[in-house]
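Observations on the three-dimensional arrangement
Next come the chains, spelled out residue by residue.
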Amino acid sequence: MSDVVFARGGWLPRVIRENGELKLMLGAGADANHEPRTFTFPVSAVHLAVIREDLTRHLLLWSAVLPLCDAAGTRGRLDEDAAVALLDPVLLAPPVEVDALFRRIGWNRDRLVAHGADLDLLDRGQVCAALRPATERADEKRVQEHHAQRRRAERGVVLGPLDEQVLRYTGQYLHGATVPRRLPDAVDPALLPEVLRVIATAEQACAGMRIGLDPRRGNRATDKRDWDRLASTVEAAVRRAYPGLVDDAVRTVSFLMCSEAADRARSTPVDDDDGTVGDHADAGGGTRRTTLSFTDDKGGRKTWVRDGSRSASAGFWQFVADRSAADNEVFTIEDEERGEGLQLHFYADSIARITTVRHGDGGADPQYRVEYGLVDGIGGYRTLVSAFVRGGCAALDRYGPWTADVAEFERARRQRDDAR
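Predicted model, so just to flag it, every value in this text is computed and none were measured.

**A short note on the pattern of salt bridges**
Between side chains of opposite charge, pairing is possible as soon as their charged atoms come close. All chains considered together, the criterion is met by 31 salt bridges. Among the ionic pairs, Arg197 bridges to Glu194, the shortest N-O distance being 2.5 Å. Taken together, the residues Arg197 and Glu194, both in helix H10 (residues 192–205) and 3 residues apart, mark about one turn of the helix. We classify Arg197 as partly exposed; its relative accessible area is 44%. A relative accessible area of 23% places Glu194 in the partly exposed class. In this structure, the salt-bridge partner of Arg216 is Asp349, at a minimum N-O distance of 3.7 Å. Placement of Arg216 in the loop between H10 and helix H11 (224–241) and of Asp349 in the loop between strand S8 (340–345) and strand S9 (350–358) is noted, with a sequence separation of 133 residues between them.

This is the structure we're talking about:
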């Protein structure tokens, strides 16, 4: 049985009486099942009196003991002798000796920061003075901000007032990996107009630009080239207009613009731009197609039939998004009626157009003409698929050069890859 003799709020250690003995009890770390661990060690009535009357000494003792709890790990025992040995030096010694002790031992900085310690005094090793403004109530957000500032300092980044408020606007002040949002309420009202001017500069720079989807990497993946192009455009414009902004602030603005453009792409239906939907499907001289087959390298197959609900190219790219994987990077769209096909090789940024020269009548094997071409990213693939759907292999002539010589094509591909 144990009774609480003295306790402050939150996670601050409390003094209990257990079997007639005073002990300090604190929670720290977790066991192998991720349940909180609790540690205790003996204290005297003199120590209790100091803990009760002096918040600063209470916090300092907590900070000094926590590394011993960390050392106990998920199942080890607390080194009680080491913990007891800290009591007199932390609770009873003069401030100058406490400061000297904290320069020799390990201690937990976060707990002191959370309870309001003066950061400059902590950095100078004046731990007792640093805790004069301390409060019983912890502010964990202050610890997060302190960590963010220290990470930037390690990279040599010093934020100005506008830099900080831009990062707060996007929600990336604490964590640079957080998906950016628009949070005007998080910004100092005095600097909000200037922050909004920075955002407006970015919006104007990328007006009309879009980030397309890349079905080669799934249903929600976006085109990396589009993303990089938009980010570069925004960063260049913001740096021209605000040369004093640090890179962290500039990048958070470009990240915001790219994230919003990507979200728009994911929520927008695939464009039916291949001339195979609606009453005007033959506009522009396209060859009317009623049935196409989609296949992949793993035996997947889907048949598209004109029914007015979805274009052939949209259906094909959905098939790719659903089936594409690291070991499934060859997809074909085929018009069996006309004996034409287009094979996409995502692993090599290349493509092959296949035309039936002679059908296999009377048991003879059919004869095909296969011509290869290079492709520049997902945008190039989309253009070629759309052209094939509209006009077959003949419509691809303008997107050459095409070659039937495999050795010549491989040389061209290697030269292209070496130049990247």
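The structure having been displayed, the exposition proceeds.
**Structural notes on the pairing of S8**
A large share of S8 lies buried, amounting to 5 of its 6 residues. Pairing analysis gives 6 bridges linking strand S7 (residues 330–335) to S8, with the strands arranged antiparallel. Within the sheet, the bridge partner assigned to Glu334 lies in S8 and is Gly341. Remark: 4 residues form the turn of the hairpin made by S7 and S8, two consecutive strands paired antiparallel; Gly339 in that turn has positive phi of roughly 70°. Taken together, S8 and the strand that follows it, S9, pair antiparallel across an intervening segment of 4 residues, in which Asp349 is found at a positive phi of about 50°.

**Section: the sheet that holds S8**
The 6 strands are arranged S6-S5-S7-S8-S9-S10 in an open sheet whose pairing can be described as antiparallel. The open sheet terminates on both sides in strands that have one partner only, identified here as strand S6 (301–305) and strand S10 (367–374). Between one strand axis and the next, the sheet turns through 20° on average, direction left out of account. The pairing of strand S5 (residues 291–296) with S7 spans 4 bridges and is antiparallel. Residue pairing for S7: Thr295 is matched across the bridge by Thr332. Sitting on the sheet, helix H15 (residues 406–419) is in contact with S9 and S10, with an inclination near 15° to S10.

**Re the environment of Ile378**
For Ile378, the position within the fold is in helix H14 (residues 377–391). Residues Ile378 and Arg251, spaced 127 residues apart in sequence, show a C-alpha to C-alpha distance of 25 Å. Beyond its immediate sequence surroundings of up to four residues, Ile378 is in contact with Leu213, Asp214, Pro215, Arg216, Asp223 and Trp317.

**A look at the pairing of S5**
Counting buried positions along S5 yields 5 of 6 residues, so the element is predominantly enclosed. The pairing of S5 with S6 spans 5 bridges and is antiparallel. By the bridge assignment, Thr295 is partnered in S6 with Arg301.

**Focus on unusual backbone geometry**
Residue Gly400 is joined to Pro401 through a cis peptide bond whose omega torsion reads 10°. Within the element layout of this structure, Pro401 appears in the loop between H14 and H15. Although it is not a glycine, Asn19 sits at a positive phi angle of roughly 55°. Here Asn19 lies in the loop between strand S2 (14–18) and strand S3 (21–30). Despite not being glycine, His34 shows a phi value in the positive range, around 65°. Checked against the element boundaries, His34 lands in the loop between S3 and strand S4 (36–42). Looking at His34, the relative accessible area reads 70%, which means it is exposed.

The rules we used
Residues numbered from 1 in each chain as written. Predicted model: local features only at pLDDT ≥ 70, side-chain atom pairs only at ≥ 80, totals over all residues. Heavy atoms only, no water. Salt bridge = Lys/Arg side-chain N within 4 Å of Asp/Glu carboxyl O. Helix = DSSP H or I, 4+ residues; strand = E, 2+ residues; numbered from the N terminus. Buried < 20%, exposed > 50% of the residue type's maximum accessible area, 1.4 Å probe, protein only. Pairing = 2+ DSSP bridges. Axes fitted to C-alpha atoms, helices over the stretch in contact; angles between N-to-C directions. Contact = heavy atoms within 4.5 Å.

Bear in mind that shape data such as this cannot, by itself, settle questions of function.
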